[in-house]
Amino acid sequence: MKVSRISENKNEKFRRLAENRTNAIIQKLQLLGNLSNKTIYDYSDEEVKKMFAAIDASLNEVKEKYKAAQKSESKKFKF
C-alpha cells in the first residue's frame, strides 16, 4: 500500500528516504568493488587505504550526527 506523500508522517518520510538513499549507497559500493579486478585495473595498497579511510571518515561523521541527535533529545527538560 502506497502512502501519499502529502499524508505521510515524519517517520514514513524518513523510512522512504532512508531506504532509497541506503540502497543508492550500497549500489555505489558494489560499483566501487568492481574496481578491485586486477586484470582490468591497477592500483596500489596505499591508494586502497586512502580510499577506504575517506569512506570510513565520512561514515563516522554521519554516525556522529545520529548520536548527537539522540543526545540532544535526551537532555530536554520535562516534568
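Asker: Residues and numbers for the overall build of the protein, please.
Answerer: The secondary structure content of the protein amounts to 2 helices and 0 strands. Against the 2.2 N^0.38 benchmark of 12 Å for 79 residues, the protein shows a C-alpha radius of gyration of 19 Å, more extended than a compact globule. Here the protein holds 79 residues, and the buried ones make up 1% of them. In the structure as shown, the protein presents an accessible area of about 7900 Å², 57% of it carried by carbon and sulfur atoms. Between the centroid of the 18 positive side chains of the protein and the centroid of its 11 negative side chains there is a distance of 9 Å.

Asker: Lay out a negative patch on the surface with the relevant residues and their values.
Answerer: Negative charge collects at one region of the surface, where Asp42, Asp45, Glu46 and Glu47 lie side by side. Tracing the sequence through the fold places Asp42 in the loop between α1 (10-34) and α2 (45-74). Asp42 gets classed as exposed once you look at its relative accessible area, which sits at 74%.

Asker: Let's hear about the packing of aromatic side chains: which residues, and what values?
Answerer: What characterises a pair of aromatic rings is the spacing of the ring centres plus the angle enclosed by the ring planes. Taken as a whole, this structure holds 0 aromatic pairs when the rule is applied. In this structure, Lys38 packs its charged tip against the face of Tyr43, placed 4.1 Å from the ring centre.

Asker: Describe the pattern of salt bridges, and please don't skip the residues or the numbers.
Answerer: For the coordinates displayed, the defined rule picks out 2 salt bridges. Measuring nitrogen to oxygen at the nearest pair gives 3.6 Å for the salt bridge that ties Glu64 to Lys67. Of this pair, Glu64 and Lys67 both sit in helix α2, 3 residues apart, roughly one helical turn.

Asker: Residue-level account of α1, with values.
Answerer: In an α-helix, one full turn covers 3.6 residues, which means residues spaced three or four apart are oriented alike. With 25 residues, α1 ought to run about 36 Å at 1.5 Å a step, and its terminal C-alpha atoms sit 36 Å apart, in line with that. Its side-chain oxygen placed 3.0 Å from the backbone nitrogen of Asn11, Asn9 serves as the N-cap of α1.

Asker: Which residues make up the side chain of Glu8, and what are the values?
Answerer: Within the secondary structure, Glu8 is located in the segment before α1. The exposure class of Glu8 is buried, given its relative accessible area of 15%. A distance of 2.7 Å separates a polar atom in the side chain of Glu8 from a polar atom in the side chain of Arg16.

What counts and what doesn't
Residues numbered from 1 in each chain as written. Predicted model: local features only at pLDDT ≥ 70, side-chain atom pairs only at ≥ 80, totals over all residues. Heavy atoms only, no water. Helix = DSSP H or I, 4+ residues; strand = E, 2+ residues; numbered from the N terminus. Rg over C-alpha atoms; globule rule 2.2 N^0.38 Å. Buried < 20%, exposed > 50% of the residue type's maximum accessible area, 1.4 Å probe, protein only. Areas by Shrake-Rupley, 256 points an atom, 1.4 Å probe, with all protein chains shown as cover. Lys, Arg positive; Asp, Glu negative; His and termini not counted. Charge placed at Lys NZ, Arg CZ, Asp CG, Glu CD. Patch = residues over 30% accessible without salt bridge, like charges linked within 9 Å, V, L, I, M, F, W, Y side chains within 5 Å. Salt bridge = Lys/Arg side-chain N within 4 Å of Asp/Glu carboxyl O. Phe/Tyr/Trp six-rings, centres within 6.5 Å; stacked < 30°, edge-to-face > 60°. Lys NZ or Arg CZ within 6 Å of the ring centre and 35° of its normal. Expected span 1.5 Å × (residues − 1). Polar contact = N/O pair within 3.5 Å; in protein donor to acceptor, adjacent residues only side chain to side chain.

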